[in-house]
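# Architecture and fold: a report
Now for the letters of each chain:
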Amino acid sequence: MLTLEMSEVFPIHSDSDIVAVRQVVRKRAVELGFRLVDQTKIVTGASELARNTLNYGGGGSCKLEILSNGARQAIRLTFEDHGPGIADIDQAMKDGFTTGGGLGLGLSGTKRLVNEFEIYSKPGEGTKVVITKWK
Amino acid sequence: MDRIPILKMGRILLVTIQVDMHDRMATMLQDDLTQRIVATRARGVLIDISSLEVVDSFIGRMIGNIAAMSSVLDAQTVVVGMRPAVAITLVELGLELPGVRTALNVESGMTIISSSLQSEESDADVGNE
């Protein structure tokens, strides 16, 4: 059974909030004893998604949860915005697809860095991306 | 506003990134460097990222842009000191850095730039004979 050990929420409304999200995710990953490569992966994924939340979603929040299944712990991050949403999620998940002049690696690349990746979006209502990295 | 310092050493500009940069700071560094390359007529740019714990696609793009712009301005860019965990993450993220030379540390980065400048000069000498 999955239990929730901790939950905290951070706002994403500026460049410095992206830095703050990176730093708190790093701190929690270190505390949980993630190995260095996995720390780097979850922090990099968090940075990509926090930037999407700010640049495409017009700001929003990042919820950080620590989960346990009894044997292992995980960090779960939920990025949520109430921006324009994504019309075609399949297209948005393709490497190199961007509407904002970036490299188009934020979503597709982040999916490769974590164990679980879920995305929900409705045009006009916003976007929610949930990533989980197990220790 | 915080800025990343750019040091001039002969014909090389040295940038050591030691803070977790927010996006605007990275963009500013890109602009500052381009101006300094022109102002100092630098032929090489050495970017030391050994303190960086994370290089995401934004910072990666900035590094690629710096390399492309300096190449247009007749300077070459070498990125030094990338941490192994950062390298692994960059590859899985799918970020390639075409045209960006890398070296393990500042010293070998300097050697790469100096030796390519020297070979350019000796080529020029041959051409003048």
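What comes next is a walk through the structure. Predicted model only: the values in this text are computed from it and were never measured. (Residues numbered from 1 in each chain as written. Chains lettered and ligands numbered in written order. Predicted model: local features only at pLDDT ≥ 70, side-chain atom pairs only at ≥ 80, totals over all residues.)

## So, the pairing of strand S1 (residues 6-9) of chain B
Residue and element names in this part refer to chain B. Strand direction decides the pairing type here: S1 and strand S2 (residues 12-16), joined by 4 bridges, are antiparallel. Bridge pairing in S2 places Met9 opposite Ile12. Between S1 and S2, which follow one another and run antiparallel, lie 2 residues, and Gly10 among them has a positive phi close to 65 degrees. (Pairing = 2+ DSSP bridges. Helix = DSSP H or I, 4+ residues; strand = E, 2+ residues; numbered from the N terminus.)

## Brief notes about the sheet that holds strand S5 (residues 101-103) of chain B
Residue and element names in this part refer to chain B. The 5 strands are arranged S1-S2-S3-S4-S5 in an open sheet whose pairing can be described as mixed. Across the chains shown, the open sheet's two edge strands, defined by having one partner strand only, are S1 and S5. The mean angle between the axes of side-by-side strands here comes to 25 degrees, regardless of whether they run parallel or antiparallel. Sitting on the sheet, helix H1 (residues 23-40) is in contact with S1, S2 and strand S3 (44-48), with an inclination near 155 degrees to S2. The strands touched by helix H2 (residues 57-72) are S3 and strand S4 (76-80); relative to S4, the strand with the most contacts, the crossing angle is about 150 degrees. (Axes fitted to C-alpha atoms, helices over the stretch in contact; angles between N-to-C directions. Contact = placed C-beta atoms within 7 Å.)

## Comments concerning the environment of B:Leu33
Position of B:Leu33 among the secondary structure elements: in helix H1. Placed 37 residues apart in sequence, B:Leu33 and B:Ser70 show a C-alpha to C-alpha distance of 8.5 Å.

## Side note on the sheet that holds strand S2 (residues 60-68) of chain A
Residues and elements named next belong to chain A. Pairing is antiparallel across the open sheet formed by 5 strands, whose spatial order is S1-S2-S3-S5-S4. Of all strands in the sheet, those with a lone pairing partner are strand S1 (3-12) and strand S4 (116-122), marking the two edges. Taken pair by pair, the neighbouring strands of this sheet meet at an average axis angle of 15 degrees, ignoring direction.

## Remarks on the packing of helix H2 (residues 36-55) of chain A against helix H4 (residues 106-113) of chain A
All names here are of chain A. In contact at an axis separation of 9 Å, H2 and H4 are set at 155 degrees when each is read in the N-to-C sense. One element, H2, and the other, H4, form an angle in the roughly antiparallel class. Along this stretch, H2 crosses H4, giving a crossing that reads as left-handed. Contacts between H2 and H4 involve Lys41, Thr44, Gly45, Glu48, Leu49, Arg51 and Asn52 on the former and, on the latter, Gly106, Gly109, Thr110 and Leu113. (Parallel < 35°, antiparallel > 145°, perpendicular 65-115°, else oblique. Left-handed = near helix turned anticlockwise from the far one by under 90°.)

## What to know about the interface of chain A and chain B
Listed by partner, the interface residues are 25 residues for chain A and 18 residues for chain B. Mapped onto the side of chain A that touches chain B, the elements with two or more residues apiece are helix H1 (15-31), H2 and H4 of chain A. No other element matches the 9 residues that H2(A) contributes to the side of chain A that touches chain B. Split by residue class, the side of chain A that touches chain B holds 8 nonpolar, 9 polar and 8 charged. (Nonpolar A, V, L, I, M, F, W, Y, C, P; charged D, E, K, R; others polar.)

## So, the packing of H1(A) against H2(A)
All names here are of chain A. Close contact between H1 and H2 brings their axes to 9 Å; oriented N to C, the two are set at 155 degrees. Overall, the two elements H1 and H2 adopt an arrangement that is roughly antiparallel. Between H1 and H2 lies a crossing whose hand is right-handed. Listed contacts from H2 to Ile18, Val21, Arg22, Val25, Arg26, Ala29 and Val30 of H1 are Gln39, Ile42, Val43, Ala46, Ser47, Ala50, Arg51 and Leu54.

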